[in-house]
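Survey of secondary and tertiary structure
Spelled out from the first residue to the last, the chains are:
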Amino acid sequence: MNVKKRSIWFLTLISLIAVITVFYVTDRTSPFDGLQLFSNQTLDDVKLVETSSTNEQSFVTKSNAFEEMRMEVQDKRSKLNDQLTKKVGSNDFTAEEKDAAYNQIEELVKIDGAEGMLELIIKSLGYDDALVRIEDNSVLIDVVSSEQSSKKASDIIYAVKREWPKAYKVEVNFDGQ
């Protein structure tokens, strides 16, 4: 019985090798020439378009402000995480206190991940940039958008509540460009 299984596996392997060999031997080269993309002729055909610098400056300003706020939140959480990590590693606290500190560290990690995920979801809705901050059961959202409507805010709130069920209060602020 064991010899039959080996021979079946061997025949299957040989037939698979034969099929792959035939495929590679008869494979035609593709007409796509990747080097043609970088030729001088292609570069000459490309037309540069001037964009409005005011929108870019406004967007860059908002994005920089969002980055600064992200850094402040990350700094505050990093300090709290360091304190909790020291508490977990210390012998001065009881097992219950260490367990509570460990649970807080896990919660901070979940919140960081959720904020990043929610920012990506909001950006996928067509916004240039978004800043999400989760505090307790509240979610504070700042969005860079020239259009402000209650429907757009409702779409964002719906997406946030779908992904973060702990969001009981969601506040959306639009920052125009």
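Right, let's walk through the structure included here. Since the structure is predicted, the reported quantities are computational estimates derived from the model, not experimental observations. (Residues numbered from 1 in each chain as written. Predicted model: local features only at pLDDT ≥ 70, side-chain atom pairs only at ≥ 80, totals over all residues. Heavy atoms only, no water.)

**A few points about the pairing of strand β2 (residues 138-144)**
Counting buried residues in β2 gives 5 out of 7 residues, a clear majority hidden from the surface. Summarising the sheet, β2 and strand β3 (residues 169-175) pair through 7 bridges and their orientation is parallel. Looking at β3, one finds that Val139 is bridged to Val170. (Buried < 20%, exposed > 50% of the residue type's maximum accessible area, 1.4 Å probe, protein only. Helix = DSSP H or I, 4+ residues; strand = E, 2+ residues; numbered from the N terminus. Pairing = 2+ DSSP bridges.)

**Quick look at the environment of Arg70**
Within the secondary structure, Arg70 sits in helix α3 (residues 53-89). As for Arg70 and Arg133, which are separated by 63 residues in sequence, their C-alpha atoms are 8.5 Å apart. If near-sequence neighbours (up to four positions away) are discounted, Arg70 is found in contact with Glu119, Asp129, Ala130 and Leu131. (Contact = heavy atoms within 4.5 Å.)

**Considering the packing of aromatic side chains**
For the structure shown, the criterion picks out 1 aromatic pair. Looking at Lys87, its charged tip hangs above the ring of Phe93, at a distance of 5.3 Å from the centre. (Phe/Tyr/Trp six-rings, centres within 6.5 Å; stacked < 30°, edge-to-face > 60°. Lys NZ or Arg CZ within 6 Å of the ring centre and 35° of its normal.)

**What to know about the side chain of Arg77**
Topologically, Arg77 is positioned in helix α3. Under the relative-accessibility criterion, Arg77 is labelled buried at 12%. For Arg77, the side chain forms a polar contact with the side chain of Asp112, separated by 2.8 Å. Not counting the four nearest positions on each side in its chain, Arg77 is found in contact with Leu108, Ile111, Asp112, Glu115 and Ile134. (Polar contact = N/O pair within 3.5 Å; in protein donor to acceptor, adjacent residues only side chain to side chain.)

**Re unusual backbone geometry**
Despite not being glycine, Asp136 has its phi angle at roughly 55°, a positive value. As for its placement among the helices and strands, Asp136 is situated in the loop between β1 (129-135) and β2. What makes Asp136 exposed here is its relative accessible area of 74%.

**Regarding the environment of Gln74**
Looking at where Gln74 falls in the secondary structure, it is placed in helix α3. Along the chain, Gln74 and Asp112 lie 38 residues apart, while their C-alpha atoms are 8.5 Å from each other.

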